[in-house]
Amino acid sequence: MSRRRHSDENDARLLPEKLTIYTTLVGLLNARNYNFGGEFVEAMIRQLKESLKANSYNEAVYLVRFLSDLVNCHVIAAPSMVAMFENFVSVTQEEDVPQVRRDWYVYAFLSSLPWVGKELYEKKDAEMDRIFANTESYLKRRQKTHVPMLQVWTADKPHPQEEGPVMPGSHSVERFVIEENLHCIIKSHWKERKTCAAQLVSYPGKNKIPLNYHIVEVIFAELFQLPAPPHIDVMYATLLIELCKLQPGSLPQVLAQATEMLYMRLDTMNTTCVDRFINWFSHHLSNFQFRWSWEDWSDCLTQDPESPKPKFVREVLEKCMRLSYHQRILDIVPPTFSALCPANPTCIYKYGDESSNSLPGHSVALCLAVAFKSKATNDEIFSILKDVPNPNQDDDDDEGFSFNPLKIEVFVQTLLHLAAKSISHSFSALAKFHEVFKTLAESDEGKLHVLRVMFEVWRNHPQMIAVLVDKMIRTQIVDCAAVANWIFSSELSRDFTRLFVWEILHSTIRKMNKHVLKIQKELEEAKEKLARQHKRRSDDDDRSSDRKDGALEEQIERLQEKVESAQSEQKNLFLVIFQRFIMILTEHLVRCETDGTSVLTPWYKNCIERLQQIFLQHHQIIQQYMVTLENLLFTAELDPHILAVFQQFCALQA
């Protein structure tokens, strides 16, 4: 019996979509053995408390629903359930507690009503009316400053229901229950896409509802969830591919209809969600021979290239090229779309044609090319570069290696050009001449200039730019702050709203964060090792390990310094990023005010939403630096347009 009870508890948490089957079973077992019900409920309440203690809030919601449905099976009396819900909603009266605490208890109550609301209202209408009144009063007074940061659509009203098969209304109980169950199926089976797809399409009662529409809606709801989807993005792409294979006669049409609707609404879609839409759609197309009725989207050809629709098509085609090749992309779209097609991703070498003879550094570039081909050493490259004049100053210093933009230009241009055959050729070149890179890019301006020149060479190949920046950070040729400054530099202004630029910035931040965590972990391990040695010594009364302690203590001290230095670098990276955002947004706002034009341009929407994206995607780290950000950057004097984003973020913590 106890094993059965334990199994039911687990099923309540792990298979919530089967909830009513298990509550019925508990009801039947309870009818046979009255003690079973009491013991089971006690165990469930214990489990609920443990889930809350462990911050497993989704699990806790399912347990509350399970308890609710036990009222229908006569295992729990209605007054007991009402009393529990009264307790839940009374949390809204607590003072000095975070809003998320109040929100959770109200949500746990409201989301259980589809299972037990009718039963409770029939038995205890006056008490339920009181709970509803308290809930309504709370919903009216709760602060909603954070909401814009988490909205997929900036349009105020929910979108009306579309034509097509009749689905339950978007606010109906039926719709809520169906979608909750589909979310639960994905949660239970997301690691096995074939099983997950099969479970979704065999949802009970599928003949009474337009199931495919519900499935597609639920998958996109998860994919576009902010700040992050419940599961890895690519899972949703593979799941939709699997569903199309399972139901080739119906699901692809529903998916095409959904894609069309999303495209129509791009103007009001959050930029982070547009990114995910681009990545999903290009991945999906690559699995279906890139077939799509592009002519249906020809409205984008007459719009400002910076506006959402042409931008979306351009980014999708660029991502498709990464999953294919340039000519294939030209072949799949009508000729009228050529302006939105990606450039041929070839290397641009400025010293390569006749007209470059007069360029400064041309003769050195030729010497370097010969030297690289004849497998020159780092020292030989240094001696060729020694004579390059510095356009920034009259006489170079003794070493000849202060910041010299021309040296960097000639060296980086020529090396990347000769290594342009593949990513691995480029990586080998970076590794072989690492010492030259480190010397030329010793100063901050040097690092920035290496990135500028690399971008000039590969400006038509976003993927190559991304992998080279990544490699240069890993090999410490450039640092994270240099990458951030380069992204906000005037040289990148033309590409500032391109997706690849933001992928590079987020990847750079993640690398910085991983670096800090790695050193912190090493420090913790060293401290634990020392504590173990101390414990052993006090147990054995052994004096011989003093020397070992000394070595460990020195190691801990060194690691402590490394952690502090890495955290300082991390904090500086965020300060650089936010400072640059504030500068370019302020320039835009002042320019619009001076010219008397509207602030709300496509560029502005993109930029302000990229700022929100940085806050949301890296919220755990940024929270540590809130005081500094508030005191140094997001001060009361800042333009309200920009300050609003910081206030939304602060409200998320409230």
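Bear in mind the structure is a predicted one, so any value in this text is a computation, not a measurement. Position labels on residues start from 1 in each chain and follow its written sequence. Under the rules for a predicted model, residues below a pLDDT of 70 receive no local features and side-chain atom pairs below 80 are neither given nor counted, while totals for whole chains, interfaces and linings still include all residues. With hydrogens and water excluded, all non-hydrogen atoms of the structure serve as input to the side-chain values.

## As for the domain arrangement of the protein chain
Where we set the bar: Throughout the structure description, domain borders are defined by an automatic or database domain assignment. Two residues form a contact once any of their heavy atoms are found within 4.5 Å. Two parts lose some accessible area (1.4 Å probe) when they are put together, and adding that loss for both gives the buried area. A carboxyl oxygen of Asp or Glu within 4 Å of a side-chain nitrogen of Lys or Arg is what we treat as a salt bridge. Each polar contact in these results corresponds to two N or O atoms within 3.5 Å; when the atoms are within protein, one needs to be able to donate a hydrogen and the other to accept it, and residues that are neighboring in sequence are counted only if both atoms are side-chain atoms. Secondary structure elements are taken from DSSP: a helix is a run of H or I of four residues or more, a strand is a run of E of two residues or more, and numbering for both begins at the N terminus.
Each assigned domain of the protein chain is listed with its residue range as follows: domain 1 (1–149), domain 2 (173–340), domain 3 (362–478) and domain 4 (507–651). Relative to domain 4, the C-alpha centre of domain 2 lies at a distance of 34 Å. Counting residues at the interface gives 12 residues for domain 2, matched by 9 residues for domain 4. Buried surface at the junction of domain 2 and domain 4, both sides included, amounts to about 840 Å², of which 50% is carbon and sulfur. When the buried area of domain 2 at its contact with domain 4 is split by residue, Pro 227, Thr 271 and Thr 272 rank highest and sum to 49% of it. Along the contact surface separating domain 2 from domain 4 lie 1 salt bridge. At the surface where domain 2 touches domain 4, the tally comes to 5 residue pairs in polar contact (both at pLDDT 80 or more). At 3 residues, the largest contribution of residues to the side of domain 2 that touches domain 4 is made by helix H15 (residues 271–286).

## Observations regarding the environment of Thr 272
The criterion, for reference: Only protein chains enter the calculation, and the probe is 1.4 Å; a residue is then buried if its accessible area is under 20% of its type maximum, exposed if over 50%, and partly exposed in between.
The topology assignment puts Thr 272 in helix H15. On the basis of relative accessibility, which here comes to 6%, the residue Thr 272 falls in the buried class.

## Digging into the nonpolar core
Defined as follows: As used in this record, nonpolar core signifies buried Ala, Val, Leu, Ile, Met, Phe, Trp, Tyr and Cys residues forming a set joined through side-chain atoms within 4.5 Å.
The biggest cluster of nonpolar side chains holds 164 residues, and the ones touching the most others in it are Phe 312, Phe 411, Trp 486, Phe 615 and Phe 634. Ranked by the residues each element gives to this core, the list is headed by helix H27 (residues 546–595), at 17 residues. Formed by 38 residues, the second largest nonpolar core is a distinct cluster that contains Tyr 22, Val 41, Ala 78 and Val 82.

## Topic: the pattern of salt bridges
According to the stated counting rule, one finds 26 salt bridges in the structure shown. Linking Glu 180 and Arg 65 is a salt bridge whose minimum nitrogen-to-oxygen distance equals 2.7 Å. Taken together, the residues span a long stretch of sequence, with Glu 180 in helix H10 (residues 173–189) and Arg 65 in helix H4 (residues 57–72) at a distance of 115 residues. Pair check on accessibility: Glu 180 and Arg 65 agree, each one buried. What emerges from the salt-bridge pattern is a single network uniting Glu 315, Arg 459, Asp 495 and Arg 498.

## Some thoughts on unusual backbone geometry
At the junction of Leu 226 and Pro 227, the peptide bond is cis and its omega measures out at 5° in the coordinates. Here Pro 227 is to be found in the loop between helix H12 (211–223) and helix H13 (233–246). In this structure, Asn 55 takes a positive phi of about 60° despite not being glycine. Following the sequence through the fold, Asn 55 ends up in the loop between helix H3 (34–53) and H4. When its relative accessible area of 53% is taken as the criterion, Asn 55 is described as exposed. One non-glycine residue, Gln 289, adopts positive backbone phi at about 55°. Mapping Gln 289 onto the fold places it in the loop between H15 and helix H16 (308–322). In this structure Gln 289 comes out as partly exposed when scored by relative accessible area, which is 44%.

## A closer look at H13
To be explicit about the condition: Here the expected span of a helix is defined as 1.5 Å times the quantity of residues minus one.
If you check H13, its first and last C-alpha atoms are 21 Å apart, about what 14 residues at 1.5 Å a residue would give, namely 20 Å. Within H13 the residues assigned to the buried category are Met 235, Tyr 236, Ala 237, Leu 239, Leu 240, Ile 241, Glu 242, Leu 243 and Cys 244. Along its buried surface, H13 packs onto H10, helix H11 (193–201), H12, helix H14 (251–264) and H15.

## Thoughts on the packing of helix H28 (residues 602–617) against helix H31 (residues 640–653)
Under the convention used in this document: Lines fitted to the C-alpha atoms define the axes, with helices restricted to the stretch that makes contact. Angles between their N-to-C directions range from 0 to 180 degrees. When an angle is under 35 degrees it counts as roughly parallel; over 145 it counts as roughly antiparallel; between 65 and 115 it counts as roughly perpendicular; any other value is oblique. Helix crossings fall into two classes, left-handed where the near helix is turned counterclockwise from the far one by less than a right angle and right-handed where it is turned clockwise. Each residue is assigned to one of three groups, with Ala, Val, Leu, Ile, Met, Phe, Trp, Tyr, Cys and Pro labelled nonpolar, Asp, Glu, Lys and Arg labelled charged, and all others, Gly among them, labelled polar.
The contact between H28 and H31 brings their axes to 10 Å, and the two run at 30°. On the basis of the axis angle, H28 is roughly parallel to H31. Here H28 and H31 pass one another in a crossing that is right-handed. Contact residues: Tyr 604, Ile 608, Leu 611, Gln 612, Phe 615 and Leu 616 in H28; His 641, Ile 642, Val 645, Phe 646, Gln 648, Phe 649 and Leu 652 in H31. Tallied by class, the residues present in the contact of H28 with H31 amount to 10 nonpolar, 3 polar and no charged.

## Examining the packing of aromatic side chains
In this description, a pair of aromatic rings is defined by centroid distance and the angle of the planes. Here is the rule: Only Phe, Tyr and Trp rings take part, Trp by its six-membered ring, and two of them pair if their centres are within 6.5 Å. Stacked means planes under 30 degrees apart, edge-to-face means over 60, and tilted covers everything else.
Scanning the entire structure with this criterion turns up 44 aromatic pairs. Judged by centre distance (5.3 Å) and plane angle (55°), the rings of Trp 292 and Trp 297 are tilted. Residue Trp 292 is classed as partly exposed on the basis of its relative accessible area, which comes to 22%. The exposure class of Trp 297 is buried, given its relative accessible area of 0%. Ring geometry for Trp 294 versus Phe 337: centroids 6.4 Å apart, planes at 65°, classification edge-to-face. Separated by 43 residues along the polypeptide, Trp 294 in the loop between H15 and H16 and Phe 337 in the loop between helix H17 (326–332) and helix H18 (362–373) bring together distant segments of the chain. The residues Trp 294 and Phe 337 share a single accessibility class, namely buried. Chaining the aromatic ring pairs together yields one cluster made of Phe 220, Phe 224, Tyr 263, Phe 277, Trp 280, Phe 281, Trp 292, Trp 294, Trp 297, Phe 312 and Phe 337.

## Thoughts on empty space enclosed by the protein
Rules: A cavity here means a set of 1 Å grid points, computed over protein atoms only, where a 1.4 Å probe fits but cannot escape. A pocket is an open set with protein on both sides within 12 Å along at least 5 of 7 lines, and lining residues have an atom within 4 Å of a point. Grid points are joined across faces, edges and corners, and a volume is the space filled by probe spheres set on the points.
Applying the stated criterion to the full structure yields 2 cavities of 30 Å³ or more. Of the voids in this model, the largest cavity is the one considered here, and its volume is about 210 Å³. What lines the largest cavity is a set of 19 residues, among which Thr 271, Val 274, Pro 308, Lys 311 and Asn 606 lie closest to the centre. Breaking the lining of the largest cavity down by element, the ones donating at least two residues are H15, H16 and H28. Here the residues of the lining of the largest cavity sort into 8 nonpolar, 4 polar and 7 charged. Residues from two domains meet in the lining of the largest cavity; each of domain 2 (173–340) and domain 4 (507–651) gives at least three. Quantified by volume, the second largest cavity comes out at close to 30 Å³. Looking at the second largest cavity, the residues that line it are Pro 16, Leu 19, Tyr 62, Arg 65, Trp 115, Glu 180, Asn 181 and Cys 184. The element best represented in the lining of the second largest cavity is H10, accounting for 3 residues.

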